[in-house]
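Remarks on the overall topology
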Amino acid sequence: MALSGLEIFKLLPKTNCKKCGQPTCLAFAMALAQKKVSLEQCPDASPQAREALAAAAAPPMRLVSFGLGDAAAKTGQETVLFRHDEKFHSPTVVAATLPDDLPAAAAAARAKAIQALAFERVGQKMPVQAVAVLNRSGDAGRFAATAQLAKDTCKAVILVTQSPDAAKAALAHVKDAKPLLCGATDANAAAMAAIAKDAKCPLVAIAPDAEALAALTEKLKAAGCEDLVLCLETLDRWAEMRGLTLMRQLALKKNFRPLGYPVIAFAADGTPEAQVARASALIAKYAGIVVVDTIEPWALLPLLTVRQNIYTDPQKPVQVEPKLYAVGEAGADSPLMFTTNFSLTYYTVEGDVEASRVPSWILCVDTEGTSVLTAYSGDKLNEKIVAKAMKTANVETVVKHRKLIIPGYVAVMSGKLEEETGWEILVGPRESSIIPRYLKEVWAGQK
Ligand code: SF4
């Protein structure tokens with residue numbers, strides 16, 4: 001059971017030494033009860049207190065990992081209900097299905113297609129991370145063969161079967177890949193727990209509502225399974241959404257351990273559009289793993305984009321490494337321009353430079369991930385910062401023309417920048433979309 005702030009306070013040294021960053025031990029105790037700090041921040045807590053506080057300090061939701069090496073996937077360890085309260089920690093694992101009732105050639109082709117499902121957006125890789133092998137055939141041998149195909153995709157594997165025989169057969173082939181076994185119901189709990197424990201793989205608990213799930217996780221835990229994932233098995237989508245929200249609230253706000261596990265949800269029926277719409281809602285509330293039955297790139301790209309947006313840290317803009325980038329075969333006569341390291345800004349500029357087909361250099365200046373105008377108004381972008389970035393990137397040795405194109409929005413800094421660097425400053429367009437025309441017309445006239 002979770003301890004209250006006052007109960008935690010009684011176990012602390014009560015010296016108010018402030019080493020933890022809190023003004024008093026009582027303030028630290030209250031913050032610890034709300035999971036806002038870690039016990040490690042109090043260096044003077046006694047071993048007895050540490051032991052007693054372990055339950056209070058433990059994360060309210062278990063981190064569960066499956067897959068190994070490059071195929072490793074993790075889910076759970078969330079601490080907040082709303083992203084703006086802190087951030088969400090483990091981006092929802094998106095899995096595509098591989099049914100075991102497909103003809104061999106079709107199954108191999110689908111596995112190959114899933115293997116290739118990976119996208120890149122604002123410099124971040126967005127793969128479909130897992131393959132969910134469905135035991136639609138009801139045949140243990142076919143399930144095992146399909147599990148092997150899934151393992152060969154080098155993605156994390158989810159074995160979806162409630163048949164202990166099929167689970168055993170598949171695990172005989174793929175247990176070294178640490179798949180997620182999905183899963184255990186009230187009816188097969190003992191058998192599935194023994195199989196998962198033997199294979200050392202995490203196990204999904206499946207039940208129709210939160211109450212039944214809590215009872216089932218206690219049963220599985222008593223059978224020796226610690227790494228659990230929850231699955232609400234209901235056809236009523238509104239009940240599913242309410243159930244997932246209730247479970248997250250009970251786990252995080254009430255520290256209710258039987259539901260302190262991540263959730264897997266299936267959005268695997270209907271058209272690809274319907275699946276993506278449902279999967280997006282499930283990502284928002286609160287699936288740690290979502291399984292879709294489509295492998296259409298046009299359907300998965302928007303789904304992964306939704307996931308990326310929900311799982312970015314709201315306190316930290318997505319940033320690009322600040323350095324000099326070549327676009328195309330840039331050389332000593334190529335134009336040199338700068339922009340900021342806010343991902344959306346950088347990649348918009350890079351895309352427009354690429355579209356111009358004029359090989360160019362883009363100096364990406366560290367503005368702590370803010371856009372040009374925001375950085376300028378916050379004094380994160382000025383002549384000294386740009387000059388320093390030019391020096392760090394050694395641009396003098398890269399181009400021989402001593403001309404720097406600056407964003408039109410900061411034309412006002414051109415004079416000071418010219419003085420600071422000794423370079424000729426050319427004021428570029430305000431809008432990135434005008435860059436191709438600028439490079440072809442204005443820059444071409446400079447040479
Ligand atoms: Fe109290 Fe520990 Fe914080 Fe010091 S470091 S104020 S003893 S909680």
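How each quantity is defined
- Numbers given for residues are sequential positions, taken from 1 along each chain in its written order.
- Side-chain atom pairs in this predicted model are given and counted only at pLDDT of 80 or more, local residue features only at pLDDT of at least 70, and totals for whole chains, interfaces and linings cover all residues.
- Computation of side-chain values covers all heavy atoms of the structure but excludes hydrogens and water.
- Reported domain spans reflect what an automatic or database domain assignment gives.
- Secondary structure elements follow DSSP: runs of H or I of four or more residues count as helices, runs of E of two or more count as strands, with numbering from the N terminus.
- For a helix, the expected span equals 1.5 Å multiplied by the number of residues minus one.
- Think of it in three bands: residues with accessible area under 20% of the maximum for their type are buried, residues over 50% are exposed, and the middle band is partly exposed, with areas taken using a 1.4 Å probe on protein chains only.
- We define a salt bridge as a contact between a side-chain nitrogen of Lys or Arg and a carboxyl oxygen of Asp or Glu at a distance within 4 Å.
- Residues grouped as a nonpolar core are buried Ala, Val, Leu, Ile, Met, Phe, Trp, Tyr and Cys residues, joined through side-chain atoms within 4.5 Å.
- Between N-to-C directions, angles span 0 to 180 degrees; the directions come from axes that are lines fitted to C-alpha atoms, helices contributing only their stretch in contact.
- Roughly parallel here means an angle under 35 degrees, roughly antiparallel means over 145, roughly perpendicular means 65 to 115, and every remaining angle is called oblique.
- Here is the rule for handedness: rotate from the far helix to the near one, and if that takes an anticlockwise turn smaller than a right angle the crossing is left-handed, while a clockwise turn gives right-handed.
- Any two residues whose heavy atoms approach within 4.5 Å at even a single point are treated as in contact.
- Under the convention adopted here, Pro, Cys and the residues Ala, Val, Leu, Ile, Met, Phe, Trp and Tyr are nonpolar, Asp, Glu, Lys and Arg are charged, and Gly plus all remaining residues are polar.
- Distances are taken per atom, and a residue is near a molecule or strand as soon as one of its heavy atoms is within 4 Å of it.
- Strand pairing requires that DSSP identify at least two bridges connecting the strands.

Regarding the domain arrangement of the protein
By domain assignment, the protein separates into domain 1 (5-55), domain 2 (63-310) and domain 3 (324-446). Here domain 2 and domain 3 have C-alpha centroids that lie 45 Å from each other.

So, helix α12 (residues 343-356)
For α12, which comprises 14 residues, the first-to-last C-alpha distance of 20 Å matches the rise-based estimate of 20 Å (1.5 Å per residue) to within 8%. Buried within α12 are the following residues: S343, T345, Y346, V349, D352, V353 and S356. Phi for R357, located one or two positions after α12, is positive at around 60°.

A short note on the pattern of salt bridges
Tallying each qualifying case throughout the model produces 14 salt bridges. Here D186 and K219 are joined by a salt bridge, their closest N and O atoms 2.7 Å apart. One end of the pair, D186, is in the loop between β8 (180-184) and α7 (189-199); the other, K219, is in helix α8 (residues 210-222), and 33 residues separate them in sequence. A residue is classified by how much of its surface remains accessible, and D186, at 55% relative accessible area, is exposed. Put simply, E420 and K384 hold a salt bridge, and the shortest N to O gap is 3.3 Å. You can see E420 sitting in helix α16 (residues 414-421) and its partner K384 sitting in helix α14 (residues 383-392), a full 36 residues away along the chain. Owing to a relative accessible area of 52%, K384 belongs among the exposed residues under this scheme. Here the salt bridges share partners, and the residues they tie into one network are R237, E240, D269 and R278.

Some thoughts on the nonpolar core
In terms of nonpolar packing, the biggest core is built from 67 residues, with L159, L181, L203, L220 and M247 touching the most fellow members. With six residues, α7 is the single largest residue contributor to this core. Grouped together as the second largest cluster of nonpolar side chains are 24 residues, A330, L336, L381 and I406 included.

Some points on the packing of α14 against α16
Packed helices, taken two at a time, are described by the angle between their axes plus the distance between the axes. At a minimum axis separation of 9 Å, α14 and α16 run at an interaxial angle of 45°. Judged on the interaxial angle alone, α16 and α14 are oblique. Pair α14 / α16 crosses with right-handed handedness. Residues E383, K384, V386, A387 and M390 of α14 touch α16, and the partners they reach there are K416, L417, E420 and T421. A class-by-class count of the residues in the contact of α14 with α16 yields four nonpolar, one polar and four charged.

Observations concerning the site of the ligand
Taken together, P13, T15, N16, C17, K18, K19, C20, C25, F28, C42 and P43 make up the full set of residues adjacent to the ligand. In the shell around the ligand, the residues fall into seven nonpolar, two polar and two charged.

Quick look at unusual backbone geometry
Cis rather than trans, the peptide bond between C182 and G183 has omega equal to 5°. As for its position among the elements, G183 is in strand β8. A cis amide bond links K285 to the next residue, Y286, at an omega of -15°. Along the chain, the position of Y286 falls in the loop between α10 (272-284) and β12 (289-292). Non-glycine residue K18 carries a positive phi angle of around 70°. Considering the arrangement of structural elements, one finds K18 in the loop between α1 (5-11) and α2 (25-33). Even without being a glycine, C154 presents a positive backbone phi close to 65°. A relative accessible area of 53% places C154 in the exposed class.

So, the sheet that holds strand β3 (residues 93-99)
Ordered in space as β10-β9-β8-β7-β6-β3-β12-β11, the eight strands form an open sheet in which the pairing is parallel. The open sheet has two free edges, formed respectively by β10 (228-232) and β11 (264-267), since each of these has just one partner strand. Sheet twist, expressed as the average angle between the axes of neighbouring strands with direction ignored, equals 25°. Looking at chain direction, β3 and strand β6 (residues 130-134) are connected through five bridges and run parallel. Note that in β6 the partner of L98 across the bridge is V133. Running at roughly 170° to β3, helix α4 (residues 104-115) makes contact with β3 and β6 of the sheet. Where α8 meets the sheet, its contacts fall on β8, β9 (203-207) and β10, and the angle it forms with β9 comes to roughly 145°.

Regarding the side chain of T146
Tracing the chain through its elements places T146 in helix α5 (residues 140-151). Excluding residues within four positions of it along the chain, T146 makes contact with L98, P99, D100 and V133.

Regarding the environment of I425
For I425, the position within the fold is in strand β17 (residues 424-427). Judged by relative accessible area, I425 falls into the buried class, the value being 10%. Residues I425 and L246, spaced 179 residues apart in sequence, show a C-alpha to C-alpha distance of 58 Å. Those residues in contact with I425 that lie beyond four places of it in its chain are L404, I406, S414, L417 and E418.

Some thoughts on the packing of helix α9 (residues 237-253) against α10
Put simply, α9 and α10 touch, their axes get as near as 10 Å, and they point 20° apart. As far as their axial angle goes, α10 and α9 are roughly parallel. Seen from above, α9 lies across α10 with right-handed handedness. Mapping the contact onto sequence places R237, E240, M241 and L244 in α9 and R278, A281 and L282 in α10.

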